[in-house]
Amino acid sequence: MSSEGLQYHIRCRPGDVAPYVLLPGDPGRVPKIAEYWEEARFVAQNREFLTYTGKYKGVPVSATSTGIGAPSAAIAVEELIRVGAKVFIRVGTSGAVSPKVKPWDLGIATGAVRDEGTTRQYVPVEYPAVADYRVVSALVEAAKELGYSYHVGVFHTKDSFYCEVEPENQPAREIWMERWKAWQRAGVILSEMETAAILVVSSIRGALAGAICAVIEIPKDEETRARNEEAERQAIRTALEAVKILADKGIPSDSSTR
């Protein structure tokens, strides 16, 4: 960090971001989020990190993309906290793990399996990746009010996209598939690549965090692409309404973060 507080990766300073920050992976999702705000301004862009700040229903809010995977998500959370962020909601896409979860449903995380390497460099794996209960409650309330189909449960966070979508092509395919079956038997609802890092880093740094993901399919035609986009919009709207709910309840207060 420079003497002016400029963060090395996200290129933001204190005052650039709101206390509430939505965290999409894809930089292209940031302007999609900002479309729902009554005020929006570009703040910074560097590498995979694009930041907008504005207001949603009068509540100051920001959106910063994290790129793909836990390492860059952890960097974003670390640097955003240093410039004033207090509440994070990951707004992402995912694949289903539980057979009860269908394409284009929403998933709300209570926690995440730490099947990635980033958080193990922060704290031993026995430390849980748990979503803040107030953020979970706000996301559930918002999804219910909006009438969306959603599931609440544990996410699976991984480092490799293609081990999931093409397990038969991997040298360790038998190991991967046995672990996948274990997650299913344990009731894990979906799989993605960032949530565990966001939850763990937020927890140990004293911020509040949660996650909502749209369950999508790899596009094979225009209908699939359109339904994926609608599911993403539902995740965005739910996250923004959750921000409003938290703000109306005065969360976070000075006593709700370290």
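Reading the values: the criteria
Residues numbered from 1 in each chain as written. Predicted model: local features only at pLDDT ≥ 70, side-chain atom pairs only at ≥ 80, totals over all residues. Heavy atoms only, no water. Helix = DSSP H or I, 4+ residues; strand = E, 2+ residues; numbered from the N terminus. Buried < 20%, exposed > 50% of the residue type's maximum accessible area, 1.4 Å probe, protein only. Contact = heavy atoms within 4.5 Å. Areas by Shrake-Rupley, 256 points an atom, 1.4 Å probe, with all protein chains shown as cover. Lys, Arg positive; Asp, Glu negative; His and termini not counted. Charge placed at Lys NZ, Arg CZ, Asp CG, Glu CD. 1 Å grid on protein atoms, 1.4 Å probe; cavity = no way out; pocket = protein on both sides within 12 Å on 5 of 7 lines; lining within 4 Å. Points joined across faces, edges and corners; volume = space filled by probe spheres on them. Nonpolar A, V, L, I, M, F, W, Y, C, P; charged D, E, K, R; others polar. Salt bridge = Lys/Arg side-chain N within 4 Å of Asp/Glu carboxyl O. Axes fitted to C-alpha atoms, helices over the stretch in contact; angles between N-to-C directions. Parallel < 35°, antiparallel > 145°, perpendicular 65-115°, else oblique. Left-handed = near helix turned anticlockwise from the far one by under 90°.

### A few points about the overall build of the protein chain
And step 1. Check the secondary structure of the protein chain and you find seven helices and ten strands.
And step 2. With the C-alpha coordinates of the protein chain rotated into their principal frame, the extents come out at 50 × 40 × 35 Å.
And step 3. Residues classed as buried in the protein chain amount to 55% of the 258 residues present.
And step 4. Of the contacts formed within the protein chain by residues at least 6 apart in sequence, a portion of 77% connects residues at least 24 apart.
And step 5. Summing over all exposed atoms, the protein chain offers an accessible surface of approximately 11,600 Å²; the carbon and sulfur share of this is 51%.
And step 6. Of the charged side chains in the protein chain, 31 are positive and 34 negative, and the gap between their average positions amounts to 3 Å.

### Focus on the layout of surface pockets
And step 1. Taken as a whole, the largest pocket encloses approximately 780 Å³ of empty space.
And step 2. Thr-93, Ser-94, Gly-95, Phe-161 and Ile-216 are, among the 30 residues lining the largest pocket, the residues nearest its centre.
And step 3. Elements that contribute at least two residues to the lining of the largest pocket include exactly α1 (29–34), β5 (87–96), α4 (161–165), β9 (190–192) and α7 (222–248).
And step 4. Here the element with the most residues in the lining of the largest pocket is β5; it accounts for six residues.
And step 5. Here the residues of the lining of the largest pocket are counted per class, giving ten nonpolar, eight polar and twelve charged.

### Points about the pattern of salt bridges
A pair can form between side chains of opposite charge whenever their charged atoms are brought close.
And step 1. Per the counting criterion, the structure on display carries 15 salt bridges.
And step 2. Between Lys-158 and Glu-164 there is a salt bridge, with its nearest N and O atoms 2.5 Å apart. Each member of the pair, Lys-158 as well as Glu-164, carries the same accessibility label: buried.
And step 3. For Glu-222, the salt bridge is made with Arg-225, and the minimal N-O distance between the two is 3.7 Å. Of this pair, Glu-222 and Arg-225 both sit in helix α7, three residues apart, which is roughly one turn of the helix.
And step 4. By relative accessible area, Arg-225 is classed as partly exposed at 38%.
And step 5. One salt-bridge network, held together by shared partners, links Arg-90, Glu-192 and Glu-194.

### Regarding the packing of helix α3 (residues 133–146) against α7
And step 1. For the pair α3 and α7, the least separation of the axes is 8 Å and the interaxial angle reads 120 degrees. Considering the angle they form, α3 stands oblique to α7. Judged by the twist between their axes, the crossing of α3 over α7 is right-handed. Between α3, through Arg-134, Val-135, Ala-138, Leu-139, Glu-141, Ala-142, Ala-143 and Leu-146, and α7, the contact on the second element is made entirely by Arg-237, Thr-238, Ala-239, Glu-241, Ala-242, Ile-245 and Leu-246.

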